[in-house]
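# Remarks on the overall topology
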Amino acid sequence: MLLIGHRGVPSLEPENTVRSFQKAQECGVDMIEFDVRESADGQLVVIHDSHLTRLFAVDKPVRECTLAELKSISRPAGREIPTVAEALQSIRVPVDIHVKVHGIEERLMAELKNFSPKVLISCTYPGVLQKIRTLDEKVNLGLLIGTGELHLIPVIHWLVRNLNLYSIHPKLSLTSAWSIKALKTLGKKVFVWTVNDQAAADKLKRLKVDGIFTDFADLIKT
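Here we summarise the structure given alongside this text. (Residues numbered from 1 in each chain as written. Predicted model: local features only at pLDDT ≥ 70, side-chain atom pairs only at ≥ 80, totals over all residues. Heavy atoms only, no water.)

### With respect to helix 1 (residues 18–26)
When we look at burial in helix 1, the residues that qualify are Ser20, Phe21, Ala24 and Gln25. Summarising the axial view, the buried residues of helix 1 lie within an arc of 135°, below the 170-degree limit, and thus occupy one face. Turning to helix 1, the residues buried within the fold contact strand 2 (31–38), strand 3 (44–46) and helix 4 (84–89). Of the residues trailing helix 1, Gly28 is marked for its positive phi of about 85°. (Buried < 20%, exposed > 50% of the residue type's maximum accessible area, 1.4 Å probe, protein only. Helix = DSSP H or I, 4+ residues; strand = E, 2+ residues; numbered from the N terminus. Arc of directions from axis to C-beta. Contact = heavy atoms within 4.5 Å.)

This is how it looks when you write it as structure tokens:
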């Protein structure tokens with residue numbers, strides 16, 4: 001079962017920062033996950049939230065800030081927002097890139113051309129995954145599943161076939177012996193998010209889950 005550093009290792013370093021990615025690799029993760037959005041001037045930036053409120057106490061959407069503005073806000077706070085290029089330069093293990101917005105697919109694929117480790121691109125939006133599939137027939141794609149969507153197994157099955165998905169990523173609260181078994185019958189990898197205690201990790205391992213996302217890569221054992 002793969003140990004995937006969720007936004008790096010935010011238990012030790014600020015989430016989605018170069019420092020967090022470096023620390024996650026020191027902790028021995030098998031893969032690093034990070035989130036991608038777009039700045040006002042079209043730069044691909046690594047941040048989870050759509051607004052800056054939670055992390056920086058600034059009431060402004062990411063998409064309304066230029067890269068320079070995002071840097072000027074985040075750098076003094078000690079949790080500088082990296083560009084995708086900066087993030088990739090710090091990573092030497094496989095990555096799972098969670099695309100948070102529409103319209104950045106072509107630019108993202110261009111950024112990945114010279115990145116040698118394995119890449120998995122995940123998203124909750126089938127349209128984004130479809131666009132990426134048209135751009136690259138071979139890149140691994142993962143479908144994120146949030147609250148209440150596991151009853152749509154037939155739809156997920158259709159997406160697995162038509163998008164040639166590599167993996168399915170259900171939220172931990174949706175997992176059970178039944179749901180994991182149902183997803184495994186689709187013949188794809190199953191990675192569960194976000195698993196922050198050892199008991200849950202152990203249970204998922206017994207259920208033959210292929211990987212877990214965790215904020216505590218320094219503590220969780222797989």
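### Some details on the side chain of His6
In this fold, His6 is placed in strand 1 (residues 2–6). When sequence neighbours within four positions are dropped, the list of residues in contact with His6 reads Glu33, Thr194, Phe213, Thr214 and Asp215.

### Structural notes on unusual backbone geometry
Residue Thr194 follows Trp193 across a cis peptide bond; omega there is -20°. By the secondary structure assignment, Thr194 is in the loop between strand 8 (189–192) and helix 9 (198–206). In this structure, Asn16 takes a positive phi of about 55° despite not being glycine. Position of Asn16 among the secondary structure elements: in the loop between strand 1 and helix 1. Since its relative accessible area comes to 3%, Asn16 is described here as buried.

### A word on the packing of helix 6 (residues 126–135) against helix 7 (residues 153–163)
Where helix 6 meets helix 7, the closest approach of the two axes is 11 Å, and the angle between their N-to-C directions is 15°. Judged by the inter-axis angle, helix 6 sits roughly parallel to helix 7. Considering the relative orientation of helix 6 and helix 7, their crossing is right-handed. Side by side, helix 6 and helix 7 meet where Pro126, Leu129, Gln130 and Arg133 of the first sit next to Leu159, Asn162 and Leu163 of the second. For the contact of helix 6 with helix 7, the per-class residue count stands at four nonpolar, two polar and one charged. (Axes fitted to C-alpha atoms, helices over the stretch in contact; angles between N-to-C directions. Parallel < 35°, antiparallel > 145°, perpendicular 65-115°, else oblique. Left-handed = near helix turned anticlockwise from the far one by under 90°. Nonpolar A, V, L, I, M, F, W, Y, C, P; charged D, E, K, R; others polar.)

### Observations regarding the nonpolar core
In terms of nonpolar packing, the biggest core is built from 54 residues, with Phe34 and Ile121 touching the most fellow members. At four residues, helix 7 tops the list of elements feeding residues into this core. Leaving out residues up to four positions away in the same chain, Ile121 has contacts with Asp96, Ile97, Val99, Leu108, Met109, Leu112, Leu129, Ile132, Val139, Asn140, Leu141 and Gly142. Among the nonpolar cores identified, the runner-up in size contains ten residues, and Ile47, Leu52, Leu67 and Leu70 belong to it. (Core = buried A, V, L, I, M, F, W, Y, C linked by side-chain atoms within 4.5 Å.)

### Observations regarding helix 9
Here helix 9 has its buried residues at Ala200, Ala201 and Leu204. Along helix 9, the residues classed as buried sweep out an arc of 100° about the axis, all on the same side. Exposed side chains of helix 9 directed beyond 90 degrees from the buried face belong to Ala199 and Arg206. Elements in contact with the buried residues of helix 9: strand 8 and strand 9 (211–214). Immediately downstream of helix 9, the backbone of Lys208 shows phi near 70°, a positive value.

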